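Chains, contacts and geometry: an overview
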Amino acid sequence: MTTTAKVAFLNAQIGYASSFRDFYRTTDGGQTWTEMATNIFATHLRQIHIVNDSTILGCVNGRFYKSTDYGASWTFQQPHPYRSTTNGFTVFPDGRIWLSGGTTTVMYSDDDGQTWEDQFPGVKGYLFFADFLDGERGIVGGAYETMMKTQDGGQTWVDISLNDSDESLQAGFMLDSAEFWIMTKEKIQQTLDGGQTWSTKFEPATDLLKSLIQAPNGDFWATHQDDGLYRSVDAGSTWEAVFDPPTGRIFYADFVTDSLGFVLGEQGALYRTVDGGSTWDSIATGSNKIFLKIEFGPANQMWLFESGLQDSLIYSSDNGLTWSKQEAPRRALQKDIEFINDSTGWLACFLGSTGYLYRTDDGGRTWDPTHTTPVPLSDIAAPMTDSVRIW
């Protein structure tokens, strides 16, 4: 038997194992193995789930398969009528299965995969952001202007996609149950009726918008890759260019308080304001990477997220005055940190097509692994009012 990639047991005696292109079965607790199939796949099965003694489900190379003869032969399964890519699946002991696909597909089965229900019908693309007001009300958005909202903590979702272009929703947030703001690289839009109608609030000459936030004082800030930083003090009616960094392109801006804010750019560029954006100072970070995001934690802590695979985060404990490297839980694309109180928070990252979620209970000094997902993780929504649920 060659090096085994995945092993699953039905009980103490019966188990299955997948190695490179081959599939094996044991009936004596792994003391001996019988080759059931050889050269059946191009590589090993990524996941195995044993339904019963003879029936097995498997995922390989983005495709979902089923065997009903102890793994001797396999048939391709396509739960979704027109999407064939499968990133992975989660199985509960009672036979319920959630299967995730490559383009925001979540298929659900409550009978061990015999029948399937599309959890997000009509959704066409990857999701890039999530924002929740509390434990019940939230929105998600992503590719092809896909957007959905929930009012019951994610149990059901209403499709409010704009469907007027092929652009991706790169950022979005809720101000209340009816008012949402979203951004593509082309424009910023607002709804006041929960997504039924939308109005354009800002549309620059070139399609290079990179981020959108609302500061604690209610001002809106948007970054443009080439033109710099824009601000609106009148709920998006007018926008003023207020800062164009000398070091090149910028990608993100955010504010901790009404006065303390940051602008992130390329080649390790970081700018800090303590007067609400009237003046900006360059801050040394020790990095030459592109900064994509900044997240704020308890006790004046902050983290900068660099582009590319990283085994560390850029960390500050003094409100962004000085920065140093802090070891990350694993080498990956570090994507997001979110805290729900002074001690508890989560870190999301991914490597390849696998997502990793970590938790801290000491304010970010140490991180413990909590979940691995078959799809990349890019954003965390953890309402301050809910210490249990995260999205």
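Residues numbered from 1 in each chain as written. Predicted model: local features only at pLDDT ≥ 70, side-chain atom pairs only at ≥ 80, totals over all residues. Heavy atoms only, no water.

Another point: the overall build of the chain. A tally of regular secondary structure across the chain gives zero helices and 35 strands. Across the chain, every contact between residues at least 6 apart in sequence was considered, and the portion connecting residues at least 24 apart equals 33%. A total accessible area of about 17600 Å² is found for the chain, and carbon and sulfur atoms account for 47% of it. (Helix = DSSP H or I, 4+ residues; strand = E, 2+ residues; numbered from the N terminus. Contact = heavy atoms within 4.5 Å. Areas by Shrake-Rupley, 256 points an atom, 1.4 Å probe, with all protein chains shown as cover.)

Next up on the list: the packing of aromatic side chains. Taken as a whole and judged by the stated rule, the model has 18 aromatic pairs. Centroid distance F173 to F220: 6.3 Å. Interplanar angle 15°. Geometry classified as stacked. Taken together, the residues F173 in strand β17 (residues 171-174) and F220 in strand β22 (residues 220-224) connect sequence positions 47 residues apart. An angle of 20° between the planes, with centres 5.6 Å apart, marks the rings of W303 and F339 as stacked. (Phe/Tyr/Trp six-rings, centres within 6.5 Å; stacked < 30°, edge-to-face > 60°.)

According to the stated counting rule, one finds five salt bridges in the structure shown. For K293, the salt bridge goes to D336, with nearest N and O atoms at 3.1 Å. With a gap of 43 residues between them, K293 in strand β29 (residues 291-296) and D336 in strand β32 (residues 324-339) connect regions that are remote in the sequence. The same class applies to K293 and to D336, which are both buried. It is possible to trace a salt-bridge network through shared partners that takes in K293, E295 and D336. (Salt bridge = Lys/Arg side-chain N within 4 Å of Asp/Glu carboxyl O. Buried < 20%, exposed > 50% of the residue type's maximum accessible area, 1.4 Å probe, protein only.)

Turning our eyes to something else, we now look at the pairing of β29. Across five bridges, the pairing between β29 and strand β30 (residues 302-306) is antiparallel. Bridging across to β30, F291 finds its partner in E306. In this antiparallel pair of consecutive strands, β29 and β30, the connection spans five residues, and A299 shows a positive phi of 55°. (Pairing = 2+ DSSP bridges.)

With respect to burial, strand β14 (residues 138-142) is a largely interior element, five of its five residues being buried. Of the two faces of β14, both are covered, the one formed by G138, V140 and G142 as well as the one formed by I139 and G141. Summarising the sheet, strand β13 (residues 127-132) and β14 pair through five bridges and their orientation is antiparallel. Of the residues in β14, the one forming a bridge with F132 is G138. Bridging between β14 and strand β15 (residues 147-150) involves four bridges; their strand directions are antiparallel. Counted as the bridge partner of I139 is K149 from β15. The antiparallel pairing of β14 with β15 creates a hairpin that spans four residues between the two strands, and Y144 there sits at a positive phi of about 55°.

Strand order in this open sheet of four strands is β21-β22-β23-β24, and the pairing throughout is antiparallel. A single partner strand is all that each edge strand has here, and the edge strands are β21 (209-214) and β24 (240-243). Going across the sheet, the axis of each strand differs from the next one's by a mean of 30°, ignoring polarity. In terms of strand pairing, strand β23 (residues 228-232) meets β24 through three bridges, oriented antiparallel. Bridged to R231 within β24 is E240. (Axes fitted to C-alpha atoms, helices over the stretch in contact; angles between N-to-C directions.)

To continue, consider the sheet that holds strand β16 (residues 158-159). Spatial strand order, β13-β14-β15-β16: four strands in an open sheet with antiparallel pairing. Each edge of the open sheet is held by one strand with a lone partner, namely β13 and β16.

For A235, which is not glycine, the phi dihedral falls at a positive 60°. Position of A235 relative to the elements: it lies in the loop between β23 and β24. A relative accessible area of 43% means that A235 is categorised as partly exposed. At N300, a position not held by glycine, the phi torsion is positive, near 65°. Among the structural elements, N300 can be located in the loop between β29 and β30.

This part takes up the side chain of E266. With respect to the secondary-structure elements, E266 resides in the loop between β26 (261-265) and β27 (270-273). Residue classification places E266 among the buried positions, given a relative accessible area of 16%.

Along the chain, D22 turns up in the loop between β2 (15-19) and β3 (23-26). Note on D22: relative accessible area 11%, which makes it buried. Sequence-wise, D22 and A72 are 50 residues apart; in three dimensions their C-alpha atoms are separated by 9.9 Å. If near-sequence neighbours (up to four positions away) are discounted, D22 is found in contact with A17, E35, A37, T38 and N39. Polar contacts involving the side chain of D22 include one to the side chain of T38, which spans 2.7 Å. (Polar contact = N/O pair within 3.5 Å; in protein donor to acceptor, adjacent residues only side chain to side chain.)

As for its placement among the helices and strands, I294 is situated in strand β29. You can call I294 buried: its relative accessible area is 0%. Distance in space between the C-alpha atoms of I294 and L264 is 7.9 Å, their sequence separation being 30 residues. Aside from chain neighbours lying at most four places away, what touches I294 is Y252, D254, F262, L264, M302, W303, L304 and W323.

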